[in-house]
Amino acid sequence: MLPKKLQKKLDERTANNSLRKLGAVTNLIDFSSNDYLGFSKNKTIFKRTAEILNTENLKLNGATGSRLLSGNHQLYEQAEQQIAKFHNTESALVFNSGYVANLGFFSSVPQRGDLIFYDELCHASIRDGIKMSDAKSYKFRHNNLKDLTSRCHVERPPAERAGSRNLHETFEIYVVTESVFSMDGDQPDLKLLTDFCTQNGFHLIIDEAHALGVFGNNGEGLVQELGLEQEVFARLVTFGKALGCHGAAILGSKALQEYLINFARSFLYTTALSPHTVATIISGYEELSKTPEKVRLQSNIEMFQNEIAARQLESHFIESNSAIISCIIPGNDRVKHISEILKKKGFDVKPILSPTVPKGQERLRICLHSYNKHEDISHLIKQLHSLLKKDV
Ligand SMILES: Cc1ncc(COP(=O)(O)O)c(C=O)c1O
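Conventions and cut-offs
- The residue count restarts for each chain, going from 1 along the sequence in the order it is written.
- Predicted model: local features are reported for residues with pLDDT of at least 70 only, side-chain atom pairs are reported and counted for 80 or more only, and whole-chain, interface and lining totals are derived from all residues.
- Here a helix means four or more residues in a row that DSSP labels H or I, a strand means two or more in a row labelled E, and each is numbered from the N terminus.
- Radius of gyration means the value over C-alpha atoms here, while the globule rule gives 2.2 Å times the residue count to the 0.38 power.
- To sort residues by burial, count the other C-beta atoms lying within 10 Å of each one's C-beta; a count of 20 or more means buried, 12 or fewer means exposed, and anything in between means partly exposed. C-beta atoms are built from the backbone.
- In this description, any two residues whose backbone-derived C-beta atoms lie within 7 Å of each other are considered to be in contact.
- Pairing between strands is defined by DSSP: at least two bridges between them are needed.
- Under this scheme, a helix contributes an axis fitted over its contacting stretch, all axes are lines through C-alpha atoms, and angles between N-to-C directions fall in the 0 to 180 degree range.
- An automatic or database domain assignment supplies the start and end points of every domain.
- Only Asp, Glu, Lys and Arg are considered charged, only Ala, Val, Leu, Ile, Met, Phe, Trp, Tyr, Cys and Pro nonpolar, and every remaining residue, Gly among them, polar.
- Note on definitions: a residue is near a molecule or strand provided its C-beta atom, placed from the backbone, lies within 6 Å of it.
- The cut-offs work like this: below 35 degrees is roughly parallel, past 145 is roughly antiparallel, 65 to 115 is roughly perpendicular, and the gaps in between are oblique.
- Take the far helix as the reference: if the near one is turned anticlockwise from it by less than a right angle, the crossing is left-handed, and if turned clockwise, right-handed.
- Only buried residues count toward a nonpolar core: Ala, Val, Leu, Ile, Met, Phe, Trp, Tyr and Cys, linked into one set through C-beta atoms within 7 Å.
- The definition of a right-handed crossover adopted here requires that, viewed with the strands pointing away, the path from the first strand over the helix to the second runs clockwise.

Some remarks on the overall build of the chain
Helix and strand counts for the chain stand at 16 helices and 12 strands. On C-alpha atoms alone, the chain measures out to a radius of gyration of 22 Å, which is about the 21 Å that the 2.2 N^0.38 rule sets for 392 residues. For the C-alpha atoms alone, the extent of the chain along its principal axes is close to 65 × 60 × 55 Å. Burial analysis of the chain (392 residues in total) assigns 42% to the buried set. Restricting to contacts in the chain with at least 6 residues of sequence separation, those with at least 24 account for 73%.

Some details on the sheet that holds strand β11 (residues 350-352)
Taken in spatial order, the three strands of this open sheet run β9-β12-β11, and their pairing is antiparallel. Of all strands in the sheet, those bounded by a partner on one side alone are β9 (324-328) and β11. When strand polarity is set aside, the average angle formed by the axes of neighbouring strands in this sheet is 35 degrees. Bridging between β9 and strand β12 (residues 363-367) involves five bridges; their strand directions are antiparallel. Looking at β12, one finds that Ile324 is bridged to Cys367.

Some details on the domain arrangement of the chain
Taken as a whole, the chain is organised into domain 1 (62-290) and domain 2 (292-390). The partner domain 2 presents 13 residues to the 10 residues of domain 1 that form the contact. The residue inventory of the side of domain 1 that touches domain 2, partitioned by class, reads three nonpolar, five polar and two charged.

Side note on the site of the ligand
Residues in contact with the ligand amount to 14 residues; listed here are only the nearest, Ser97, Gly98, Tyr99, Ser182 and Ala209. By residue number, the principal contributor to the shell around the ligand is helix α4 (residues 98-108), which donates three residues. Classifying every residue of the shell around the ligand gives three nonpolar, nine polar and two charged.

Some points on the packing of helix α2 (residues 43-55) against helix α13 (residues 275-290)
The contact between α2 and α13 brings their axes to 8 Å, and the two run at 125 degrees. Our classification of the angle between α2 and α13 gives oblique. Note that α2 runs across α13; the crossing there is right-handed. In contact with Thr44, Ile45, Arg48, Thr49, Ile52 and Leu53 of α2, α13 contributes Pro275, His276, Ala279, Thr280, Ile282, Ser283, Gly284, Glu286 and Glu287. When its residues are assigned to classes, the contact of α2 with α13 shows six nonpolar, six polar and three charged.

Examining the nonpolar core
If you look at the biggest cluster of nonpolar residues, it comprises 98 residues, and the most contacted ones within it are Ala249 and Ile250. Split by domain, this core shows at least three residues from each of two domains, domain 1 (62-290) and domain 2 (292-390). Beyond its immediate chain neighbours, meaning those up to four positions away, Ile250 contacts Leu93, Phe95, Ala101, Phe105, Ala234, Leu236 and Leu260.

With respect to the packing of helix α3 (residues 75-86) against α13
Two numbers describe how α3 lies on α13: the axes approach to 10 Å, and their chain directions differ by 25 degrees. Between α3 and α13, the interaxial angle falls into the category roughly parallel. Here α3 runs over α13; the crossing is left-handed. Residues Leu75, Tyr76, Gln78, Ala79, Gln82, Ile83 and Phe86 of α3 touch α13, and the partners they reach there are Pro275, Val278, Ala279, Ile281, Ile282 and Tyr285. Taken together, the residues of the contact of α3 with α13 break down into 11 nonpolar, two polar and no charged.

Describing the pairing of strand β3 (residues 115-119)
The side chains of a regular strand alternate between the sheet's two faces. With five of five residues buried, β3 is to be regarded as a mostly interior element. Alignment of β3 against strand β4 (residues 136-140), held across five bridges, turns out to be parallel. From the neighbouring strand, Asp119 faces β4, where its bridge partner is Phe140. Handedness of the β-α-β unit built from β3, helix α5 (residues 124-131) and β4 comes out right-handed. In this sheet, strand β5 (residues 173-178) lies alongside β3 in parallel orientation, the contact comprising four bridges. Note on β5: the bridge partner recorded for Leu115 is Ile173.

A word on the environment of Glu77
Tracing the backbone shows Glu77 in helix α3. Residues Glu77 and Val94 lie 17 residues apart in sequence; the distance between their C-alpha atoms is 9.5 Å.

Observations regarding the pairing of strand β7 (residues 234-238)
The buried fraction of β7 is high, at five of five residues. Along β7, one buried face is formed by Ala234, Leu236 and Thr238 and the opposite face, lined by Arg235 and Val237, is buried too. Where strand β6 (residues 203-207) meets β7, three bridges bridge the pair, whose relative direction is parallel. For Ile206, the partnering residue across the bridge sits in β7 and is Arg235. Looking at chain direction, β7 and strand β8 (residues 248-252) are connected through four bridges and run antiparallel.

Quick look at the structure:
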């Protein structure tokens with residue numbers, strides 16, 4: 001039997017209509033996956049991956065150990081060089097997923113006595129990593145540089161505020177945000193934020209999980225679209241979203257890479273990715289530079305925004321120019337109900353419930369893809385329009 005305290009927590013979730021359940025994969029029209037460019041089903045990537053494995057004579061089903069022991073097969077070096085070049089950075093270090101990359105980074109980089117400032121809507125993986133750190137952490141209001149500025153001022157140790165040089169050498173300040181927020185689809189003003197961090201000597205970390213493949217000429221992400229790659233301390237890119245496969249990398253200096261290899265426990269104490277997975281990452285990056293899918297995705301994003309404007313629905317949506325567009329429908333019951341109705345009409349649009357998002361901010365998280373048809377987008381918006389008006 002489950003211990004009573006645990007059962008009570010589950011019962012509370014049931015009472016709030018927020019109990020999570022694993023669902024089956026459906027054949028509905030996809031407005032929910034993170035496969036923005038359709039790369040998970042891309043045949044060129046699939047074939048190229050097999051070709052790489054054959055050329056390298058890597059007939060292995062698994063990596064056989066952690067990267068420091070037996071798992072560092074030759075594709076890792078190839079992938080990391082390719083990723084670093086693509087992202088115009090000194091080095092890339094591949095982790096098993098974005099979640100473990102954030103855990104590894106934030107649990108090992110900021111030290112006792114250091115300060116971390118993070119956007120209040122940062123992903124769970126960032127917050128969990130911060131919780132494991134010995135540094136002090138403070139959240140600032142979402143995308144609010146003014147709030148960050150005043151918090152930095154208030155929370156800095158007093159002697160540093162008074163300008164003591166010695167103290168500054170004893171602690172570092174880290175600022176972390178996302179270039180595209182996973183639940184809201186919106187962005188911080190990255191130019192202002194990098195200027196602020198550069199001027200103050202703070203280390204800026206940007207999670208680009210939902211920007212890779214969506215922003216930048218070849219899908220390099222928002223940091224590169226804005227030409228800010230030399231001003232950030234570290235970036236995270238993940239491969240389970242627009243790249244359609246699995247894994248992640250931390251981009252930064254060679255020295256940072258060496259530090260993480262030595263101290264990031266989620267890097268050290270786990271079996272490495274299989275050669276097949278790393279070959280898929282390599283093929284995914286090759287495809288990013290060539291693919292027409294990015295243009296199709298941008299056209300769908302533009303079309304979606306035009307249609308909601310034409311129907312005067314903007315006030316229901318969080319402003320976004322990314323592939324994630326959230327329609328706020330307060331209340332777990334209501335948002336679940338609307339998502340069920342849409343499901344019956346053939347659309348896969350996921351409700352995001354509290355406590356994943358704050359109470360009153362429950363929403364339908366609509367993800368757009370290169371492969372969504374214009375007529376399906378139109379139809380979805382039409383259905384949504386009538387549901388929102390009917391107040392179901
Ligand atoms: C902003 C952000 N960072 C990190 C992650 C974790 O990435 P992964 O799915 O590769 O573990 C996610 C996943 O949802 C995310 O949205």
